[in-house]
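Per-entry structural report
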Amino acid sequence: MTERLDSAGLTFRQDYFGDPAGWAALVCLLRDIFGIDIGPLQQLGGPDPTSMPFGWFDAEGELVANISAFALPFVLNGRIVHAAGLQSGAVRPPWRGRGLYRDVTVKALDWCDRQGFEAVILYTDKPSLYEAYGFRAIPLHRYEGAAPDPSPAAPARPLLPTNAGDLALLQALLKGRNPVSTSLAVTVNAAMFLINTQLDPDVRISFLEDKQAVIAWKIDEAGRFSLLDVVAADMPLLAVILSGLKIAPASVEVHFRPDKLGWEGVPQSLESGTRLMLRGLGDATPDFPAMLSPMAEF
């Protein structure tokens, strides 16, 4: 925490997503460091309007260190938490060891404090890096079990977020969605949901028109159905979802606590190199095994 900042030859910038060159520099940084392309987000409505990036740029305009904060209210044990998220944290290898990442992290957390957020969350594969800033890991669990008996349902249709009409429908439903669980769930995550439809080619997006519900799901070669997220004002039952999708899976896994699905699975600890970290709220954790939807990962 005492690492000295060496920013020679660099310029600090904040709030640069409205600058096309600044946004392009972030897209390039994340592609170079993590191999992910968030560029399509511009065609899906743009970055979260609450985003506040913090970064160091070199003389050529290349972004060498970045972290971004944004509003991310979530439900924890039935209460909506006024929270922020941190994402897009990266430093180019030649600039590491100069205190740049600590600098932008401290600036971002200070900004979150000034905005009055009561908590901050982030995903990381390096949890020890953030413990010094007051973050702690939250245990995560998915649920497994047998498929429920079918229930009558109108057939779903696929949605393509790259189609203008489907995108408009998705955006409207995302604005009016309710959390998928009372234990742990985001309340607003439009930008992250939309970009995650593009980052994982195995994710399928389907629309149950009679339920006004969007289903994000996968199914593997063994017939295991994975329910990733449901975007709806009123959660349809799992039996209705499966009937609408016209599938009879060999097994089911749900990537959030299924307390609104009319189905009970067995909680399983999520085995992943990525951890969800929480700063604030004392020692609060979900009262039941739970996790945030993968469509909300950032």
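What counts, and at which threshold
Residues numbered from 1 in each chain as written. Predicted model: local features only at pLDDT ≥ 70, side-chain atom pairs only at ≥ 80, totals over all residues. Heavy atoms only, no water. Helix = DSSP H or I, 4+ residues; strand = E, 2+ residues; numbered from the N terminus. Rg over C-alpha atoms; globule rule 2.2 N^0.38 Å. Buried < 20%, exposed > 50% of the residue type's maximum accessible area, 1.4 Å probe, protein only. Contact = heavy atoms within 4.5 Å. Areas by Shrake-Rupley, 256 points an atom, 1.4 Å probe, with all protein chains shown as cover. Lys, Arg positive; Asp, Glu negative; His and termini not counted. Charge placed at Lys NZ, Arg CZ, Asp CG, Glu CD. Salt bridge = Lys/Arg side-chain N within 4 Å of Asp/Glu carboxyl O. Pairing = 2+ DSSP bridges. Core = buried A, V, L, I, M, F, W, Y, C linked by side-chain atoms within 4.5 Å. Polar contact = N/O pair within 3.5 Å; in protein donor to acceptor, adjacent residues only side chain to side chain. Axes fitted to C-alpha atoms, helices over the stretch in contact; angles between N-to-C directions. Left-handed = near helix turned anticlockwise from the far one by under 90°. Nonpolar A, V, L, I, M, F, W, Y, C, P; charged D, E, K, R; others polar.

**Some thoughts on the overall build of the protein**
Summing up its helical and strand segments, the protein has six helices and 17 strands in all. Scaling as 2.2 N^0.38, a compact globule of 298 residues should have a C-alpha radius of gyration of about 19 Å, and the protein matches this with 20 Å. Seen through its C-alpha atoms, the protein measures out along the principal axes to roughly 65 × 45 × 35 Å. Counting all 298 residues of the protein, 50% fall into the buried class. Expressed as a percentage of contacts within the protein between residues at least 6 apart in sequence, the contacts between residues at least 24 apart total 72%. Accessible surface, the protein: about 13,300 Å² in total, of which carbon and sulfur atoms supply 51%. Counting 25 positive and 34 negative side-chain charges, the protein places the centres of these two groups 2 Å from one another.

**Quick look at the pattern of salt bridges**
Side-chain pairing between opposite charges can occur once the charged atoms of the two side chains come close. Taken as a whole, this structure holds 16 salt bridges when the rule is applied. A salt bridge links aspartate 6 to arginine 98; the nearest nitrogen and oxygen atoms lie 3.3 Å apart. Linking aspartate 6 in the segment before strand S1 (11-14) with arginine 98 in the loop between strand S6 (83-91) and helix H2 (100-115), this pair joins segments that are 92 residues apart in sequence. The exposure class of aspartate 6 is partly exposed, given its relative accessible area of 27%. Residue lysine 107 is joined to aspartate 103 by a salt bridge in which the shortest nitrogen-to-oxygen separation is 2.7 Å. Taken as a pair, lysine 107 and aspartate 103 lie in helix H2 at a separation of four residues, close to a single helical turn. For lysine 107, a relative accessible area of 27% puts it in the partly exposed group. Note on aspartate 103: relative accessible area 12%, which makes it buried. Through salt bridges with shared partners, a single ionic network connects Arg142, Glu144, Asp220, Arg224 and Glu253.

**Quick notes on the pairing of strand S17 (residues 275-280)**
Every other side chain in a regular strand lies on the same face of the sheet, so the side chains alternate between the two faces. Taken together, the six bridges between strand S7 (residues 119-124) and S17 define a ladder with antiparallel strand orientation. Bridging across to S17, tyrosine 123 finds its partner in leucine 276. Where strand S8 (residues 135-138) and S17 come together, four bridges link them in antiparallel fashion. Across the sheet, the residue bridging to phenylalanine 135 is arginine 279, located in S17.

**Some words on the nonpolar core**
Note on soluble globular proteins: their nonpolar side chains tend to be buried together. Ranked by internal contacts, the top residues of the largest apolar core, which has 62 residues, are Leu86 and Phe135. Of all the elements, H2 adds the most residues to this core, at seven residues. Once residues lying within four places of it in the same chain are set aside, the contact partners of leucine 86 are Ile67, Ser68, Ala69, Phe70, Ala108, Leu109, Cys112, Val120, Ile121, Leu122, Phe135 and Phe298.

**Notes on the sheet that holds strand S13 (residues 213-219)**
Within the open sheet, the seven strands sit side by side as S10-S12-S13-S14-S15-S9-S16. Their pairing is mixed. Taken across any chain shown, the strands that pair with only one partner, and hence form the sheet edges, are strand S10 (157-158) and strand S16 (266-269). Note: S13 against strand S14 (residues 224-231), six bridges, orientation antiparallel. Following the sheet pairing, isoleucine 219 is matched in S14 by phenylalanine 225.

**A closer look at unusual backbone geometry**
With a phi angle near 55°, asparagine 77 is a residue other than glycine that sits in the positive phi range. On the secondary structure map, asparagine 77 appears in the loop between strand S4 (74-76) and strand S5 (79-81). In this structure, lysine 246 is a non-glycine residue whose phi angle is positive, near 60°. Mapped onto the secondary structure, lysine 246 falls in the loop between helix H6 (238-245) and strand S15 (251-254).

**Considerations on the environment of aspartate 37**
Here aspartate 37 shows up in the loop between helix H1 (20-34) and strand S2 (52-57). Aspartate 37 sits 107 residues away from glutamate 144 along the chain, and the two C-alpha atoms are 31 Å apart. In contact with aspartate 37, other than residues within four places in its own chain, are Val27, Arg31, Ile195 and Leu199. Polar side-chain contacts of aspartate 37 include one of 2.9 Å to the backbone nitrogen of glycine 39.

**Side note on the sheet that holds S4**
Hydrogen bonds along the backbone pair up the strands of a sheet, which may run parallel or antiparallel. Reading across the sheet, the three strands line up as S5-S4-S11 and stay open at both edges, with antiparallel pairing between neighbours. Every interior strand has two partners, whereas the edge strands, S5 and strand S11 (184-186), have only one. Looking at each pair of strands side by side, their axes are set apart by 30° on average, direction ignored. For S4 and S5, the ladder comprises three bridges, and the chain directions are antiparallel. Bridging from a neighbouring strand, leucine 76 pairs with arginine 79 of S5.

**Observations concerning the packing of helix H4 (residues 164-175) against helix H5 (residues 190-199)**
With their axes 10 Å apart at the nearest point, H4 and H5 run at an angle of 140° to one another. Note on packing geometry: the crossing formed by H4 with H5 is right-handed. Along its contact with H4, which presents Leu167, Leu170, Gln171 and Leu174, the element H5 presents Ala190, Phe193 and Leu194. Of the residues contributing to the contact of H4 with H5, the split by class is six nonpolar, one polar and no charged.

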